[in-house]
Amino acid sequence: MRSPVLSLTWHLARASGRRGLQSQLLAAAAAAVGSLVLLTLLAAYLGAGARADRTAWRTPEADRHGTAVQALATTYVRGEPVTVVSLTHLPGHRPTPAPPGLTAFPKQGEVYVSPALAELLRKLPATQLSDRFPKATSYGTVGAAGLASPDELVAVVGRAPTDPAVAKSAQGGGLYDEGLTARAVVSGFSGTQRSAVCSPSTTRPRCRCGSPGRTRARAGLGRRKARRGPA
């Protein structure tokens, strides 16, 4: 069924003359441009959020009872930043989950690179790029789940626990570019940390300890009863 609204709108536009028709067209064009700008901003916002989710694994929460050490550094090649994530598993601890984009936690000497960085490794001389990483017969691939964009330059390097790149001395002064290294003991790459006093078996953890305000209130009630003596 044809909508009568369109016919009425067209009739009113024609009845208002040429100037009125121009005004109607300008208003429609302005509305279309405004909608396009709004949709563009919304798409950019959603895209930025998705990129942040895919790179959050590089800055997981520190866990003093963790199973691995991560050191994050940045180096540069031809003016482009290269993110270098050095990982080592702590001896005697349970296995550490693989970071997003990797099939397994990297072993000592293994190097995983993004597709864009792999292309640069093939093009550039070893002295300009590959010499910055451990010697590897082949490189693994960092998948899209661990990259902000397909052209991002990222390397994930498996290190020995005694390697200077993951030692405590790496904090605050990187082997690649000074002042661009962050080191942390981690137990995973989801960005969450398990609480020692909360039950992990539920989606919404229920802590066994009371709130500070409730604890102080109970302590004050106990003191008042002690001063009054037995009833």
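Procedures and definitions
Residues numbered from 1 in each chain as written. Predicted model: local features only at pLDDT ≥ 70, side-chain atom pairs only at ≥ 80, totals over all residues. Heavy atoms only, no water. Helix = DSSP H or I, 4+ residues; strand = E, 2+ residues; numbered from the N terminus. Contact = heavy atoms within 4.5 Å. Areas by Shrake-Rupley, 256 points an atom, 1.4 Å probe, with all protein chains shown as cover. Phe/Tyr/Trp six-rings, centres within 6.5 Å; stacked < 30°, edge-to-face > 60°. Buried < 20%, exposed > 50% of the residue type's maximum accessible area, 1.4 Å probe, protein only. Salt bridge = Lys/Arg side-chain N within 4 Å of Asp/Glu carboxyl O. pLDDT = per-residue confidence, 0-100. Core = buried A, V, L, I, M, F, W, Y, C linked by side-chain atoms within 4.5 Å. Pairing = 2+ DSSP bridges.

In this section: the overall build of the protein chain. Each helix and strand in the protein chain was counted, giving four helices and six strands. For the protein chain, the α and β elements follow one another from N to C terminus as α-α-β-β-β-α-β-β-β-α. Of the contacts made within the protein chain by residues no fewer than 6 positions apart, 67% connect residues no fewer than 24 positions apart. For the protein chain, the computed accessible surface area is about 15700 Å², with 58% contributed by carbon and sulfur atoms.

This brings us to the packing of aromatic side chains. Using the criterion set out here, one finds one aromatic pair in the structure. Geometrically, the ring pair formed by tryptophan 57 and phenylalanine 189 is edge-to-face, given 6.3 Å between the ring centres and 75° between the ring planes. Residue tryptophan 57 is found in the loop between helix 2 (17–55) and strand 1 (68–77), and its partner phenylalanine 189 is found in the loop between strand 6 (182–186) and helix 4 (212–228); the two are separated by 132 residues along the sequence. Overall, the relative accessible area of 1% leaves tryptophan 57 in the buried class.

Moving on: the pattern of salt bridges. A complete count under the given rule lists four salt bridges for this structure. Here glutamate 119 makes a salt bridge to lysine 123, at a shortest N to O gap of 3.0 Å. Note that glutamate 119 and lysine 123 are positioned in helix 3 (residues 115–123) at a spacing of four residues, about one turn of the helix. The exposure class assigned to glutamate 119 is partly exposed, which follows from its relative accessible area of 36%. With a closest N to O distance of 2.9 Å, aspartate 131 and lysine 135 form a salt bridge.

Okay, the environment of alanine 136 next. Looking at where alanine 136 falls in the secondary structure, it is placed in the loop between helix 3 and strand 4 (140–141). In this structure alanine 136 comes out as partly exposed when scored by relative accessible area, which is 26%. Sequence-wise, alanine 136 and glutamate 110 are 26 residues apart; in three dimensions their C-alpha atoms are separated by 6.7 Å. If we ignore the near neighbours within four places in the chain, the residues touching alanine 136 are Gly109 and Val111.

Turning our attention to the confidence of the model for the protein chain. Summing up the model confidence of the protein chain, the mean pLDDT is 75 and the portion of residues at 70 or higher is 61%. In the model, residues 192–219 has pLDDT below 50 throughout and makes 14 contacts with residues more than four positions away in sequence or in other chains.

Here the focus is the nonpolar core. Formed by 16 residues in total, the largest nonpolar core has its most connected members in Val77, Val113, Leu117, Leu129, Phe133 and Leu153. Put simply, the parts of the chain that give this core at least two residues each are strand 2 (80–89), strand 3 (111–113), helix 3 and strand 5 (154–158). For this core, the element with the most residues is helix 3, which contributes five residues. Grouped together as the second largest cluster of nonpolar side chains are 15 residues, Trp57, Leu102, Val142 and Leu147 included.

The strand order 4-3-5-2-1-6 describes an open sheet built from six strands, whose pairing is mixed. The two strands at the open ends of the sheet, each matched to only one other strand, are strand 4 and strand 6. Bridge count for strand 3 against strand 5 is three bridges, and the pairing is antiparallel. Residue pairing for strand 5: valine 113 is matched across the bridge by alanine 155.

The buried fraction of strand 5 is high, at five of five residues. Burial along strand 5 is two-sided: the residues Val154, Val156 and Gly158 and Ala155 and Val157 are all buried.

Along the chain, the position of leucine 90 falls in the loop between strand 2 and strand 3. Put simply, leucine 90 and alanine 160 are 70 residues apart on the chain and 9.0 Å apart in space, counted from C-alpha to C-alpha. With sequence-adjacent residues up to four places away left out, leucine 90 is seen in contact with Gly66, Thr67, Ala68, Val69 and Val185.

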